[in-house]
2 protein chains.
Amino acid sequence: MPDKTTRTRTVDWADGKVRLIDQTRLPAEFVLIDLETPEAVADAIRTMKVRGAPAIGVTAALGLALAAEQARDLEPAAFRERIATAAALLRTTRPTAVNLFWAIDRILALGQRDAAEPARAAAEMLREAQAMLDEDEAANRALGRHGAALLPESANVLTHCNAGALATVAYGTALGVVRAAVEAGKRLHVYVDETRPRLQGMQLTAWEMLQEGIPATLITDNMAPWLMRQGRIDAVVVGADRIAANGDTANKIGTYGVAVAARAHGIPFYVAAPVSTIDASLATGAEIPIEQRPPEEVTSPGATLLAPRGIAVYNPAFDVTPAGLITALITERGVATPPNSETITALLA
Amino acid sequence: MPDKTTRTRTVDWADGKVRLIDQTRLPAEFVLIDLETPEAVADAIRTMKVRGAPAIGVTAALGLALAAEQARDLEPAAFRERIATAAALLRTTRPTAVNLFWAIDRILALGQRDAAEPARAAAEMLREAQAMLDEDEAANRALGRHGAALLPESANVLTHCNAGALATVAYGTALGVVRAAVEAGKRLHVYVDETRPRLQGMQLTAWEMLQEGIPATLITDNMAPWLMRQGRIDAVVVGADRIAANGDTANKIGTYGVAVAARAHGIPFYVAAPVSTIDASLATGAEIPIEQRPPEEVTSPGATLLAPRGIAVYNPAFDVTPAGLITALITERGVATPPNSETITALLA
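Below or above, wherever it landed, is the structure these notes cover.

Reading the values: the criteria
- Residues numbered from 1 in each chain as written.
- Chains lettered and ligands numbered in written order.
- Predicted model: local features only at pLDDT ≥ 70, side-chain atom pairs only at ≥ 80, totals over all residues.
- Heavy atoms only, no water.
- Axes fitted to C-alpha atoms, helices over the stretch in contact; angles between N-to-C directions.
- Helix = DSSP H or I, 4+ residues; strand = E, 2+ residues; numbered from the N terminus.
- Parallel < 35°, antiparallel > 145°, perpendicular 65-115°, else oblique.
- Left-handed = near helix turned anticlockwise from the far one by under 90°.
- Contact = heavy atoms within 4.5 Å.
- Pairing = 2+ DSSP bridges.
- Buried area = accessible area lost by both parts, 1.4 Å probe.
- Salt bridge = Lys/Arg side-chain N within 4 Å of Asp/Glu carboxyl O.
- Nonpolar A, V, L, I, M, F, W, Y, C, P; charged D, E, K, R; others polar.
- Least-squares fit on C-alpha atoms with pLDDT ≥ 70 in both.

Time to look at the packing of helix α3 (residues 53–70) of chain A against helix α5 (residues 98–113) of chain A. Residues and elements named next belong to chain A. At a closest axis distance of 7 Å, the pairing of α3 and α5 adopts a crossing angle of 30°. It follows from the interaxial angle that α3 and α5 lie roughly parallel. For the pair α3 and α5, the sense of crossing is right-handed. Residue-level contacts link A53, P54, I56, G57, A60, A61, L64 and A65 of α3 to N99, L100, A103, I104, I107 and L108 of α5.

This is the structure in structure tokens:
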């Protein structure tokens, strides 16, 4: 199979449409889908055809630019209303990843500024959304280099969920660190947490590692502490969905347990994310909204009901790892070691 | 559905055969199977139609008694050979749970003692194996009472895997503690770890809790630390597959991570097991053999391949929790608090 993960952007603007890799069909099939309306873009985010905080941010930005393009011939008032409606719809798709709101705000502000001339506003919005595609990849390559420097020459790295090329426009955050370390000649082996309930580790991270030829081993989430106990994990690198001003980090459910286990074994625990994932408006992680998802994700792995009918289910999509358990926050602007109000303020300055 | 878990023994002797609940068909179907040869019994253990340390111990005992029954008319030398062969076969089925070896040794010793009179030896072996059925249930009820006394009047209890009626002849070990607490009027709610890769929590423990009407909520394994962080777990109770002389405990993969997280949150972590699970011949848990199982258990939940083809997989069936993370070991002879060489020696005395 060709090296699709590094050649094809996870999300892109193509032929006046939003083009995505449909991540719900991986690893069985590699399928690109073209979305022609903001409603289709919102649906793709909600149903996780595209997921990963940076990727859904850029996708929402393109979705909003698409709404503007389609409203470019309207009167200013109608244009303004159409982009506001599209922005409101896109905001409802997922609650936890702050990149979504950051990206929508950034594109909407341009549209509002120039709404007196809808065609010009639409062009500006599209230009800005397309700039975010390049920015995202550049940020990941930069944070990858910063993170790679933290890893030993030879290391077993554990990752949770997929913070890879598929969670971003390209290259990845946590897997960007892995890719950069490999490009720098370090010898890495990656332990891939399967990441129940949606299995993004099994279905996306394992696929990316196979595509890249990076040695990797799939495990169930509950095996990670046992590997740590045996001395078989040298570092943990994960992504983030929202980081509070003090460094508390929301990420895929299970991340917190990995951080607790890493601390108990004296293993460094790194979070890799662009600064757009930092929500400086929230003092601590206690303020981060946690999405609750449908019970079927737990009871029916692979869409087959395996649980007994009638059992109650708890299914939070994310948890919050307190900053105190995070060795360093790796961003495109540098590394906050350890992440706290001071180091994060310095990064954002 | 009738209350099958408490009315039907998980394993029994019926009509000259070994009768089991086929646990690979739960929760979709409740099916009893009759095994007519020692080879069929060995296969049922190996393929996990019956699982759980106490249950496989008793099943192996019945399987060996079955071999003796079928050899009762042979000459002593041939009888001796047949039971030795059956014992050897049964020993190869699963390596970690010590109850298997304990039960086989106990029945085989009788057969060897009385082998000069095969018919009498076979009768003795069957009588002993049948006694083990009653002993197991009585032990579970006793340890249940000891464990129930340790739980608060109202508690959220986390359990991992299935150490229930289905893991024993009846009543269960960890779930025996839960049942005894409920019978004593305590108000319990059970969080059920789904327990990847084989999902014994989702498929067996959730089913038992529904059967008994005990309030329970299913979670993925990686949610447990997040529940602990939120103050929503008051105690953890798990079973055991083998306990070393110092209290180190092998149990289903993932148990160790639960213990690490419980310690980090100051939550009591209890192991419930009959004394037959203690292997006093092993000084520490480092000597316990850990079964490695096929990669398909990880890559294909519900028998559907979900991982990319070609990914490497690590699949240890068990891990070892050091005694220092165990608040108390609950047995039918009383509670070892904390478990260590002294308290365990005292229990066995």
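This next bit is on the sheet that holds strand β3 (residues 32–35) of chain A. All names here are of chain A. In spatial order, the strands read β1-β2-β3; together these 3 strands make up an open sheet with antiparallel pairing. At either margin of the open sheet sits one strand with a lone partner, and together these are β1 (11–14) and β3. Taken over all neighbouring pairs, the strand axes of this sheet differ in orientation by 30° on average, direction set aside. Where strand β2 (residues 17–21) meets β3, 4 bridges bridge the pair, whose relative direction is antiparallel. Its bridge partner being in β3, R19 is matched across the sheet by D34. Most of the contacts of α3 go to β1, to which it runs at about 20°, and overall it touches β1, β2 and β3.

The interface is formed by 55 residues belonging to chain B together with 55 residues belonging to chain A. When chain B packs against chain A, the two sides together hide about 4,200 Å² of surface, and 71% of this comes from carbon and sulfur. It is B:N222, B:W226 and B:Y314 in chain B that bury the most area against chain A; as a group they hold 18% of the surface buried on that side. Taking the shortest distance from any N to any O, the salt bridge between A:E194 and B:R196 comes out at 2.5 Å. Every element with two or more residues in the side of chain B that touches chain A is listed here: α8 (200–212), β6 (216–219), α9 (224–229), α10 (255–264), α11 (296–299), β12 (312–313) and β13 (318–321) of chain B. Among the residues making up the side of chain B that touches chain A, the classes are represented as 33 nonpolar, 15 polar and 7 charged. Two elements, strand β6 (residues 216–219) of chain A and β12(B), share 2 bridges in a ladder whose sense is parallel. Residue A:L218 lies in a different strand from β12(B), and its bridge partner there is B:V313.

Mapping chain B onto chain A calls for a screw motion: a turn of 180° about the axis and a shift of 0.0 Å along it, with 0.0 Å RMSD after fitting. Here the two chains are linked by the operation of a two-fold rotation axis. Taken together, the interface assignments show that 100% of the residues at the interface of chain B recur at the interface of chain A, consistent with an identical surface on both copies.

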